[in-house]
Amino acid sequence: APKQSRFYVATFATLDHNRVKVNNITSQTTPGYGGGLAAGYRSEKWGVEAGLVYTHKTFQPRKEVEILSGDINKGYYGAFIQEVDADMVSVPVKVTRKIARMGKLTAHAVAGLTANVVTEKSYRSKSVFYPGFSPQTGNSNAPTLKSKTAKEGNGALEKGGSLDGNTYATANAGLRLEHPIGKRYSAFVEAGYHQAITKQGIGPKPSQISTLALQAGVMAGL
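About the cut-offs
- Residues numbered from 1 in each chain as written.
- Predicted model: local features only at pLDDT ≥ 70, side-chain atom pairs only at ≥ 80, totals over all residues.
- Heavy atoms only, no water.
- Salt bridge = Lys/Arg side-chain N within 4 Å of Asp/Glu carboxyl O.
- Helix = DSSP H or I, 4+ residues; strand = E, 2+ residues; numbered from the N terminus.
- Buried < 20%, exposed > 50% of the residue type's maximum accessible area, 1.4 Å probe, protein only.
- Core = buried A, V, L, I, M, F, W, Y, C linked by side-chain atoms within 4.5 Å.
- Patch = residues over 30% accessible without salt bridge, like charges linked within 9 Å, V, L, I, M, F, W, Y side chains within 5 Å.
- Areas by Shrake-Rupley, 256 points an atom, 1.4 Å probe, with all protein chains shown as cover.
- pLDDT = per-residue confidence, 0-100.
- Contact = heavy atoms within 4.5 Å.
- Polar contact = N/O pair within 3.5 Å; in protein donor to acceptor, adjacent residues only side chain to side chain.
- Pairing = 2+ DSSP bridges.

A. Representation of the pattern of salt bridges in the model. On inspection of all chains with the given rule, the structure shows nine salt bridges. The partner of Glu44 in a salt bridge is Lys98, with the nearest N and O atoms 3.8 Å apart. Of the two residues, Glu44 sits in the loop between strand 2 (26–42) and strand 3 (46–59) while Lys98 sits in strand 5 (residues 75–102), which places them 54 residues apart along the sequence. Ionic pairing is found between Arg124 and Glu83, a salt bridge with its closest N-O pair at 2.7 Å. One end of the pair, Arg124, is in strand 6 (residues 105–131); the other, Glu83, is in strand 5, and 41 residues separate them in sequence. Arg124 sits in the partly exposed class, given a relative accessible area of 46%. When salt bridges with common partners are traced through the structure, they connect Arg42, Glu49, Lys94, Arg176, Glu178 and Glu190 into a single cluster.

B. Here's a closer look at the nonpolar core. Counting 12 residues, the largest nonpolar core is built from Val20, Val22, Phe59, Ile81, Val84, Ala86, Met88, Val118, Tyr123, Tyr168, Ile202 and Ile209. Looking at this core, the elements with two or more residues in it are strand 1 (7–22), strand 5 and strand 6. Looking at this core, the element that brings in the most residues is strand 5, giving four residues. Judged by nonpolar contacts, the second largest core, of seven residues, contains Tyr8, Ala10, Phe12 and Ala38.

C. Expanded view of a nonpolar patch on the surface. Residues Phe7, Val9, Tyr41, Trp46, Val48, Leu52, Val91, Val93, Val95 and Leu222 make up a contiguous nonpolar surface patch of about 910 Å² in total accessible area. Going through the elements one at a time, strand 1, strand 3 and strand 5 are the ones with two or more residues in the nonpolar patch. Within the element layout of this structure, Val48 appears in strand 3. Relative accessible area serves as the criterion here: at 41%, Val48 is assigned to the partly exposed category.

D. Representation of the confidence of the model for the protein in the model. Averaged over every residue, the pLDDT of the protein is 85; the share at 70 or more is 89%. Predicted confidence is poor over residues 138–147, with pLDDT under 50, and the contacts of this stretch with residues over four places away or in other chains come to 11 contacts.

E. Spotlight on the environment of Ser5. Position of Ser5 relative to the elements: it lies in the segment before strand 1. Through-space distance from the C-alpha of Ser5 to that of Arg42 is 8.1 Å; in sequence the pair is 37 residues apart.

F. Region of the structure containing the side chain of Arg176. Note on placement: Arg176 falls in strand 7 (residues 167–180). Look at Arg176 and you get buried, because its relative accessible area is 2%. Among the polar contacts listed, one links the side chain of Arg176 to the side chain of Glu49, at a separation of 3.1 Å.

G. Structural context of the side chain of Lys121. On the secondary structure map, Lys121 appears in strand 6. Within polar-contact distance, the side chain of Lys121 engages the backbone oxygen of Ile202 at 3.2 Å. Among residues more than four places away in sequence, those in contact with Lys121 are Val84, Asp85, Ala86, Gly153, Asn154, Gly155, Glu158, Gly165, Asn166 and Ile202.

H. Region of interest: the pairing of strand 8 (residues 185–196). Across 11 bridges, the pairing between strand 7 and strand 8 is antiparallel. Residue pairing in the sheet places Leu177 in a bridge with Val189 of strand 8. Between strand 7 and strand 8, which pair antiparallel and follow one another directly, the connecting turn spans four residues. Direction of pairing for strand 8 relative to strand 9 (residues 207–221): antiparallel, over a ladder of 10 bridges. Bridge pairing in strand 9 places Ser186 opposite Met219.

So this is what it looks like as structure tokens:
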């Protein structure tokens, strides 16, 4: 079991429940998923751990219509960003502290910081039509526009992308339960909350993302 070795590696899957606050006004919840790897060093009670995690996040930004064409008589054609879709890579750094033992089951308090970077991102747009003063013939519903909004979603690793608008940091706290399943392996479940601590977001406008995450996986002592 990992207690027999000070070094360990882990692999896990994660389910996320994201709370998104856009422009400090609206708040919504969206599901997410991912997985990752981690490596750590542990003494009798204290430990330190770093990892690499992939997650997928989506949310709806605040509706802001951009007028693309038209005039006051015939009407205006516009579009707005309906959804932000992002693939992210996160680098968590954690400190662990063993707080309880119940038979073979051990409980560890976990706390740390995480840097989050969007690698790929896309904005899904929807077109709208505002009728003008002149009478319209035929169907006056807005047609599907071929042109997109001027704002395009690009991740940090995509062409035209940058770290600006694709990074944010969180402070993390949680509880991990571990149970040995062999001489070198342990199964674990970790529940944690990741609170956004920076104003930057991953959408067209500042958006703070805080996450309630549930991880489950296997640890192996080295």
